[in-house]
Amino acid sequence: MTLNNIAKLVAAAVVAVGTAAQADACTNLLVGKNASADGSTIISYAADAHILYGDLQYIPAADHKPGTMRKIHDWDTGLLHGEIPEAAHTYAVVGNINEHQLTIAESTWGGREELWEPNGIIDYGSLIYIALQRCRTAREALDLMTKLVAQYGYCSEGESFSIGDPNEIWVLDLVGKGKGEKGAVWVAQRIPDDCISGHANQARIHRFPLKDKANCLYSKDVISFARKKGYFNGKDEEFDFSAAYAPADFGNLRGCDARVWSYFNRFKAGMDKYLPYINGKKGAEVMPLAVQPDRKVSVRDVQNMMRDHYEGTPFDMTQDPGAKINYDVPYRWRPMEFKVDSTTYSMERAIATQQTGFVFVSQMRSWLPDEVGGVLWFGVDDANTAVFVPMYCCMTEVPASYARGQADLYTLDWNSAFWVNNWVANQAYSRYNKMIVDIRKVQGDIEDAFEANQPKVEAKAVALVKNNPAEAVEFLTNYSVNQAQSTTARYRKLGEYLFVKYLDGNVKKEKDGQFERNEAGYPVQPSWGGYNQEYYDVVGRGSGDRLKVVEPEK
C-alpha cells in the first residue's frame with residue numbers, strides 16, 4: 001500500500017472540516033457544590049501549549065506603600081504592556097488558587113479578529129493573577145476583572161474564564177472591542193449549584209437572561225456594540241453572545257465544544273441529541289452551558305475526566321485507524337489538519353493532549369477553614385499520565401520539583417517533575433496499550449493513597465487551625481511538598497522501569513515483582529512486542545509482493 005493509501009485509511013476515521021481547532025488550547029470542567037459528591041465546588045484546568053514549561057508558582061501575600069505601581073507583563077510572552085497602581089494588600093497565591101480558596105482558570109477562543117486590540121494594558125493572564133491577589137470571592141473577582149479591562153484596555157483575544165469560590169462558580173465570556181475602542185464586551189453566568197459545566201476554547205454563553213441580576217451579569221453595551229458592528233440585528237431577548245462575537249465553524253465545534261460534550265456525556269444520559277450540533281448541522285439544538293448530572297461528581301471523577309480521549313463515544317481516539325496501526329495510541333501529532341487528494345481533514349482534539357504544561361483540579365469547601373478547604377490537585381504534562389498531587393492553598397513553599405527556575409523547556413533536568421513526567425509519557429506514546437497498564441498501576445496507587453490519607457491529614461490540620469493557625473500552615477505545606485517530591489521520585493523510577501521493560505521492542509518477563517532471571521542470575525528470554533492485526537494488514541497489503549514469504553523453487 002502506498003503512503004497515499006495509508007493516509008486514506010487514516011482519513012476515513014476523521015471528519016473533513018473547514019478550520020482545525022487551535023493548536024494551543026485549554027479545557028475547564030466545572031462542578032457546582034450540590035452536584036459534587038462532597039459539597040465541594042470544583043474547577044479543573046489543563047494549560048495546553050507547545051511552548052509551556054509546567055511549574056507551580058507561589059506569590060506570597062504582601063503589603064504595598066501608597067504610590068507603588070505594578071508592572072503588567074504578558075502571561076504568554078513576558079513582554080511588558082504597562083503598569084497600574086498596586087493594591088495596598090495582596091493575598092497569597094499558589095498556582096491558580098489563593099489563600100481564600102478563590103480559583104480562576106481560562107480557555108482562549110479568539111473570536112472575531114477585528115476585536116483584538118494590541119494597545120491595551122491588561123492581558124488575560126494578568127487578569128487572572130491580579131484578581132487572585134486582590135479578591136476573596138468569585139463575585140469580587142468578576143467585578144474587578146471587568147472594571148480593569150474597562151479602565152486600562154484589554155489586549156488579548158476572546159476568553160472564557162472560570163471563577164469559583166467555595167460557594168459558587170461563574171463563567172465569564174469576554175472579548176475586546178478592537179482598535180479605537182477601549183475595554184471589552186462581556187457576559188457572565190453563574191453555574192447552578194446542582195449542575196456541571198465546562199468550556200474548551202469556544203465561547204459557551206449563547207442566549208442569557210437579561211433580567212436575572214443574581215445569576216447573570218453583562219456589560220451595558222454587550223448587545224448595542226454587536227448591533228453597531230453588524231453582528232446582530234434581532235430583538236434583545238434573542239441575542240446570542242457566542243454567535244455574535246465567536247461565530248463557530250466546524251472546527252470550533254468538533255475540536256472544542258466536543259470536549260465539553262464528552263464531559264456531559266460521561267455524567268448525563270441523553271447527550272446524543274447534541275451530536276448534530278457538535279457535528280455542525282444547521283439548525284441543530286445548541287448544547288447548554290450547564291446540565292444536571294445523573295449522579296454526584298467527585299474530585300476523582302474530574303481528575304479522570306481530564307484524561308479523556310473520547311473513549312466509548314463516536315469520536316473515540318483509541319479506535320480509529322490512526323490508533324489501530326500504532327498500539328491504540330490516542331494521540332495525534334500536529335498539525336491537526338491534513339489533506340488526502342483534494343479533501344481536508346482534521347484529527348480529533350480530546351481533553352487529554354500531549355502538549356499540556358500543567359493541569360489541576362481545584363477543590364473548594366465552605367465548611368472547612370480556608371487553610372484546609374482549598375486544595376489544588378496539581379500535575380504537570382499530559383493529564384492522562386500525570387499524578388494529581390494535593391497542594392493546599394495555604395502553603396508557603398513550592399516543591400523543588402515544581403519550582404520555577406528548576407529547569408525550562410530547553411533544559412532537561414531529572415529533578416524536574418515536568419521532565420520526569422514527559423519521559424514517562426513520551427515512552428508510552430510509542431507503545432501505548434502496553435505501557436499505559438504499567439503507568440495506571442503506579443498512578444492509581446499514588447492517587448489512591450492521597451484519597452485515603454486526605455480525611456486524617458485534614459482532621460489534624462483543622463485541629464491545628466483552632467489552636468495555632470501558623471502550625472497548621474506549616475503542617476500542610478510540609479505534607480504537600482513531601483507528597484510532590486516523593487511522587488516525582490517514584491515516577492522517575494517508573495520511567496526507568498518502562499525503559500528497561502520495553503527496551504528494543506521486547507517485553508521483559510517478570511516474576512514476583514522483579515524482572516525474571518534464570519538459576520544463574522542471567523536474564524531470561526523476553527516476549528516479543530509485535531504488532532496488532534490492523535498494523536499487519538496495512539503493512540502486508542501495502543507492501544505488495546515485497547514482504548511475501550515465498551518458498552524457493554526446487
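Keep in mind that what you see is a predicted model, and the values were worked out from it rather than measured.

Rules of the game
Residues numbered from 1 in each chain as written. Predicted model: local features only at pLDDT ≥ 70, side-chain atom pairs only at ≥ 80, totals over all residues. Heavy atoms only, no water. Buried < 20%, exposed > 50% of the residue type's maximum accessible area, 1.4 Å probe, protein only. Helix = DSSP H or I, 4+ residues; strand = E, 2+ residues; numbered from the N terminus. Pairing = 2+ DSSP bridges. Phe/Tyr/Trp six-rings, centres within 6.5 Å; stacked < 30°, edge-to-face > 60°.

Colleague: Mind showing me how you'd approach the pairing of strand β12 (residues 169-176) here?
Modeller: Side-chain positions along a regular strand alternate between the two faces of the sheet. The buried fraction of β12 amounts to 8 of the 8 residues, a majority that puts the element mostly inside the structure. Alternating residues of β12 divide into Ile 169, Val 171, Asp 173 and Val 175 and Trp 170, Leu 172, Leu 174 and Gly 176, and every residue in both groups is buried. In this sheet, β12 lies alongside strand β11 (residues 158-164) in antiparallel orientation, the contact comprising 6 bridges. Directly across from Ser 162, in β12, lies its bridge partner Val 171. Taken together, β11 and the strand that follows it, β12, pair antiparallel across an intervening segment of 4 residues. Of the pairings in the sheet, the one linking β12 to strand β13 (residues 184-190) comprises 7 bridges and is antiparallel in character. Along β13, the bridge assignment pairs Asp 173 with Val 187.

Colleague: Where do I start with the environment of Phe 378 in this structure?
Modeller: Examined against the element boundaries, Phe 378 turns out to sit in strand β20 (residues 375-380). Residue Phe 378 is classed as buried on the basis of its relative accessible area of 1%. For the pair formed by Phe 378 and Thr 356, sequence separation is 22 residues and the distance between their alpha carbons is 12 Å.

Colleague: Mind showing me how you'd approach the packing of aromatic side chains here?
Modeller: Both the distance between ring centres and the angle between the ring planes are used here to describe each pair of aromatic rings. Taken as a whole and judged by the stated rule, the model has 30 aromatic pairs. Ring centres 5.7 Å apart and planes at 35° place the aromatic pair Tyr 327 and Tyr 531 in the tilted group. Of the two residues, Tyr 327 is situated in the loop between α9 (321-324) and β17 (337-340) and Tyr 531 in the loop between β25 (527-528) and α14 (533-542); the sequence distance between them amounts to 204 residues. Under the relative-accessibility criterion, Tyr 327 is labelled buried at 13%. Their ring planes at 70° and their centres at 6.2 Å tell us that Tyr 331 and Tyr 432 sit as a pair that is edge-to-face. Here Tyr 331, found in the loop between α9 and β17, pairs with Tyr 432, found in helix α12 (residues 432-467); they are 101 residues apart in sequence, far enough to count as distant. When sorted by exposure, Tyr 331 lands in the same class as Tyr 432, which is buried. Within the aromatic cluster, the residues linked to one another by ring pairs are Trp 109, Phe 208, Tyr 218, Tyr 231, Phe 232, Phe 239, Phe 241 and Tyr 245.

Such coordinate-based values are descriptive only and should not be taken to indicate function.
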